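One letter stands for each residue in the lines below.
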Amino acid sequence: MKKNYQVLLKDLTLEEKAGLCSGGTFWDLRGVDRLGIPEIALTDGPHGLRKQRRDQSDHLGFMDSEPAICFPPAVGLASSWDRELVYQVGEALGEECLSHDVSVLLGPGINIKRSPLCGRNFEYFSEDPYLTAQMGAEQVKGTQSKGVGTSLKHFAVNNQETRRMTIDAKVSERALREIYLAAFEHIVKEAQPTTIMTSYNKVNGEYVNESKHLLQEVLRDEWGFEGVLVSDWLAVDNCINGIKAGHDVEMPTTGNYSPNKIVQAVKSGELLESELDKVVLRILALIDKTEITEKHGMYDQEAHHEFARQVAAETMVLLKNDDNILPLSQTDKVLLIGDLAQKPRYQGSGSSHIIPTKIENLHEELTKLMPEGSLTFTRGYEAELDVALSNHYLEEACELARQADKVILHLGLPARYEAEGLDRSHLNLPENQLELLSAVSSFNSNVIVVLSNGSAIDLSWDDQVKSILEAYLGGQASGGAIADILVGKVNPSAKLAESFPERLQDVSCYRDFPGVRDETVYTDDIFVGYRHYDKVGLPARYSFGHGLSYTNFTYSGLTISSKKMAADEQIEVTVTVTNTGQVRGKEIVQLYVLPLDATVPRPIKELKGFDKVALEPNESKDVTFVVNQETLKYFDSVANDWYVASGQYQLAVGKSAEQLLLKTNVTVENATPLKATVTRNTPVRDVAADPKKYAIARELFETWYSLIVREKTSDNDKVDTELGIATYNNMPLRGLINFSQGQLIDDEKLDELITKLNAVQ
Ligand code: BGC
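Residues numbered from 1 in each chain as written. Predicted model: local features only at pLDDT ≥ 70, side-chain atom pairs only at ≥ 80, totals over all residues. Heavy atoms only, no water.

> Just checking my understanding: could you explain the sheet that holds strand 24 (residues 620-627) for this structure?
Sheets are built from strands paired through backbone hydrogen bonds, the pairs being either parallel or antiparallel. Here 3 strands make up an open sheet; going across it, the order is 19-21-24 and the pairing antiparallel. Since the sheet does not close on itself, it has two edges, and those belong to strand 19 (553-560) and strand 24, each with one partner. Along the sheet, successive strands turn relative to each other by an average axial angle of 25°, direction set aside. (Pairing = 2+ DSSP bridges. Helix = DSSP H or I, 4+ residues; strand = E, 2+ residues; numbered from the N terminus. Axes fitted to C-alpha atoms, helices over the stretch in contact; angles between N-to-C directions.)

In structure tokens form, the structure reads like this:
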């Protein structure tokens, strides 16, 4: 039976309270022995457990940890677009934590992939906040269903590794709300993570762990976050400012250094003890919730490994498959080339680095699945080198390629290209691999490339090969999962959660990334990923949402429950999806919303729904999406609030951001006008756009327009209101006074009108 530690607040000394506000060790929250308050362990995360010995701890994954299952990192999980699967991964992680007495797993990481160069993109889900939110919420719910806590990270705008501990991200409130905070908001509201990890960086001039706006006003007051804010490791500059802003725990331990500062601050009156008490209560509630009171046996490592293999197969994206060259047939003579096929790269470097329980490699796993004697292997290149190839490898690969029916070339990025703490400077594969690719493809026209990398890379060579399987970093069972897909044991069903640009120069933040010394300005604002490519009319090489299958799906019979809706209503859109091919498969059906009448800059389209459906050959299923306020809103930077505008919206259902197959429109009627105070300087257009206000000012405006028309054309037989609105609507209300030399309206009457206009909302 757990204790209710919160009642102990009154028994704690000031020193003990201060002590609770930072770690007791590198990984544990401090306890208070005297009162039986236990330490609890917080451990990385996010796609496996990195539990280190207490005397051998680091936050960059250099030192050893207990073996655990390395599941596919977030880049892969997101590509599955499978909510249930990600929930199950969350559950499995929770079970592993229980076996190792870990109370809180430090993940998932939900930062937005603003640039493909970010060294930690493999640990994040997507460039799209909606997909990120859906995946992150499931992982949190899955882990927390086991009674284990999570730490949603890194809050917020931690989108680069260069100078990550000091960089100041200058970003508009709108981009914050629509892009960088949106997934945090959804997950807080939907899954209430037990903790949130505050990031290293500053946002708009303040360290996040000292930002009252982000921590208190947004996270706690607006979204209702009830949990504990834990700093990223060594992120805290001023723990007193942090506590005042609503921050809770500094990690890792600073010994007595920070606790002493807190005690001094209370004694000097700089910090109120009541402010400290709020923090302590939240920490005690966390301990209450996540303390592990019973001994759990070891989880079933074999079963978890098998599950990791199934998961991995759901995360690999078939980018290209000309002539249906995949799956391999049992009669194919296949050559497998690539160091990575024997020394797999299945995770990224840094704090998420897991010591796996075992590792599957592609060569061994494919050998098991192919008829004896049908598979030949040669190394081709050295995975950790990006210098010229040795002629021996090259010649052998080309010679063997000439004799093979099909060649599988396993390429990928070296580990040091993608690591916490480092951003990439280009998107290319190493030179030695590119040379090999072009040599081999000149000897065999049936080349299939399998890729291991954690983020988008340059694929400008894709016309040299028939097929590309983007296997990402699939976790410890990735070798087996790739083999399962190559032979058709598993039909690939993943789709890209990020765009692959044609060129690095096409990326939204190409000019700004990673910033100037300690400042980076988000000039791309809300136009990140496909929102950017759409807006500037650039194609991606492989678009967001793209991914092929060994079968085909058709979409038909789009229906909409109503063509009109009020801003606070909801409607439904339904589409029928049919498997028209020969094998069972899964299709990810995507809904995009296109605001057609937007009066403020908006993305051309945004993902607002998806579903993954499994279909036998000839089977059909209906997929229904709900369209509501959440789907249609944008953050109005002037009103500083979310808003659903009247007008037409296109609802497009398709296979990817570029393949929208069926479309329909809905009209949003009578949206409540944006709350804005009318003043002398309010333009006529803003009053005219609000039906209630327009009704009050109509007579005045019509008289005014009639004056305009008379003066302009001397043909005054008709008052052309439309022309008046279109050409003169930028005139501030005060302009009507001078325009009519005080005849139409004077200062006094304008003041009266303004009072009336402000009386209606
Ligand atoms: C990372 C966090 C991680 C922490 C503890 C930091 O370097 O940014 O994601 O949880 O270390 O290892």
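> What exactly am I supposed to notice about the sheet that holds strand 6 (residues 195-198) here?
Ordered in space as 1-2-3-4-6-9, the 6 strands form an open sheet in which the pairing is mixed. Each of the sheet's edge strands pairs with one partner strand only, and the pair in question is strand 1 (28-29) and strand 9 (228-231). In this sheet, strand 4 (residues 149-155) lies alongside strand 3 (residues 104-106) in parallel orientation, the contact comprising 2 bridges. Along strand 4, the bridge assignment pairs Leu 105 with Thr 150.

> Help me understand the pattern of salt bridges, please; the structure alone is not making it clear to me.
It is possible for side chains bearing opposite charge to pair when their charged atoms get close. Across all of its chains, the model carries 53 salt bridges by this definition. The salt bridge partner of Asp 524 is Arg 114, with a shortest N-O separation of 3.0 Å. You can see Asp 524 sitting in the loop between strand 17 (519-521) and helix 16 (530-536) and its partner Arg 114 sitting in the loop between strand 3 and helix 4 (129-144), a full 410 residues away along the chain. For Asp 524, a relative accessible area of 6% translates into the label buried. With a closest N to O distance of 3.7 Å, Lys 489 and Asp 484 form a salt bridge. Look at Lys 489 and you get exposed, because its relative accessible area is 55%. One network of salt bridges, in which partners are shared, links Arg 309, Glu 360, Glu 365, Lys 368, Asp 484 and Lys 489. (Salt bridge = Lys/Arg side-chain N within 4 Å of Asp/Glu carboxyl O. Buried < 20%, exposed > 50% of the residue type's maximum accessible area, 1.4 Å probe, protein only.)

> What should I look at first to understand unusual backbone geometry in this one?
For residues besides glycine, phi is generally negative; the peptide bonds are generally trans as well. A cis amide bond links Phe 155 to the next residue, Ala 156, at an omega of 5°. By the element assignment, Ala 156 lies in the loop between strand 4 and strand 5 (168-170). Between Phe 513 and the following residue, Pro 514, the backbone shows a cis peptide bond with an omega angle of 0°. Tracing the backbone through its elements, the reader meets Pro 514 in the loop between strand 16 (500-501) and strand 17. Even without being glycine, Gln 192 reaches a positive phi, approximately 40°. By secondary structure assignment, the location of Gln 192 is in the loop between helix 6 (182-191) and strand 6. Residues other than glycine seldom take positive phi values, yet Tyr 472 does so here, at roughly 50°. Within the element layout of this structure, Tyr 472 appears in the loop between strand 15 (467-470) and helix 15 (478-486). When its relative accessible area of 1% is taken as the criterion, Tyr 472 is described as buried.

> Even after reading the chapter, I still don't get the nonpolar core, so can you show me in this structure?
Here is a general trend for soluble globular proteins: nonpolar side chains tend to be buried in one another's company. In terms of nonpolar packing, the biggest core is built from 75 residues, with Phe 155, Val 157, Tyr 180 and Leu 219 touching the most fellow members. Looking at which element gives the most residues to this core, the answer is helix 3 (residues 83-99), with 7 residues. Ignoring anything within four residues of it in the chain, the contact list for Tyr 180 reads Ile 112, Arg 114, Val 157, Asn 159, Val 171, Ala 175, Tyr 522, Asp 525 and Val 528. Membership of the second largest hydrophobic core comes to 42 residues, among which are Val 228, Met 251, Val 266 and Leu 284. (Core = buried A, V, L, I, M, F, W, Y, C linked by side-chain atoms within 4.5 Å. Contact = heavy atoms within 4.5 Å.)

> Which parts of the structure should I look at to understand the environment of Arg 503?
For Arg 503, the location among the structural elements is in the loop between strand 16 and strand 17. With 261 residues separating them in the primary sequence, Arg 503 and Gly 242 have C-alpha atoms 41 Å apart. Only 2.8 Å separates the side chain of Arg 503 from the side chain of Asp 506, close enough to count as a polar contact. (Polar contact = N/O pair within 3.5 Å; in protein donor to acceptor, adjacent residues only side chain to side chain.)

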